[in-house]
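# Coordinate inspection notes
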Amino acid sequence: MDEEEDLRLARMTPEISRRTLVMLRGLAGLEPPERVPEDAMAVADDVLAEYGTDGLRVLVMTLASWATAQIENVAELSRRSHEAVLDAMELACLEAGAEE
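First, a word on scope: everything that follows refers to the structure included in this document. As the structure is a computational prediction, the values presented were derived from the model and not from experiment.

## Regarding the overall build of the protein chain
Each helix and strand counted, the protein chain has three helices and zero strands in total. Secondary structure of the protein chain in N-to-C order comes out as α-α-α. By the compact-globule yardstick of 13 Å for 100 residues, the protein chain is too spread out, its C-alpha radius of gyration being 16 Å. Principal-axis analysis of the C-alpha atoms gives the protein chain an extent of 40 × 30 × 20 Å. If you sum the accessible surface of the protein chain, you get close to 7,300 Å²; carbon and sulfur atoms cover 59% of it.

## Points about a negative patch on the surface
Negative charge collects at one region of the surface, where Asp2, Glu3, Glu4 and Asp6 lie side by side. Among the structural elements, glutamate 3 can be located in helix α1 (residues 3-27).

## Re unusual backbone geometry
In the segment running from glutamate 31 into proline 32, the intervening peptide bond is cis, with an omega of -10°. Relative to the elements of secondary structure, proline 32 occurs in the loop between α1 and α2 (35-78). Residues other than glycine seldom take positive phi values, yet arginine 79 does so here, at roughly 55°. Counting through the fold element by element, arginine 79 comes out in the loop between α2 and α3 (82-99). Residue class for arginine 79 comes out exposed when judged on its relative accessible area of 79%.

Scoring rules and cut-offs
Residues numbered from 1 in each chain as written. Predicted model: local features only at pLDDT ≥ 70, side-chain atom pairs only at ≥ 80, totals over all residues. Heavy atoms only, no water. Helix = DSSP H or I, 4+ residues; strand = E, 2+ residues; numbered from the N terminus. Rg over C-alpha atoms; globule rule 2.2 N^0.38 Å. Areas by Shrake-Rupley, 256 points an atom, 1.4 Å probe, with all protein chains shown as cover. Patch = residues over 30% accessible without salt bridge, like charges linked within 9 Å, V, L, I, M, F, W, Y side chains within 5 Å. Salt bridge = Lys/Arg side-chain N within 4 Å of Asp/Glu carboxyl O. Lys, Arg positive; Asp, Glu negative; His and termini not counted. Charge placed at Lys NZ, Arg CZ, Asp CG, Glu CD. Buried < 20%, exposed > 50% of the residue type's maximum accessible area, 1.4 Å probe, protein only.

Structure follows, in structure tokens:
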């Protein structure tokens, strides 16, 4: 990224980070869990409409940063490697796909 792009993304980061946190508060514990992708997509659509693809990039960067931090927390608390935590997540995805 160049300096101009860094500045442009940095200006929208606080608002998109706030929206991301609001989204996660709404998604955590959502029932039925099948609504999570639908509600998340609505947030992504709102960000795209208001901020364009740069907004989506910031949303993805924010989510990736927070997900990585939480994977590290889970690994530390469960005394497993990051790879073991990710393997468990991948297995859950595979199992969910097999049920469909």
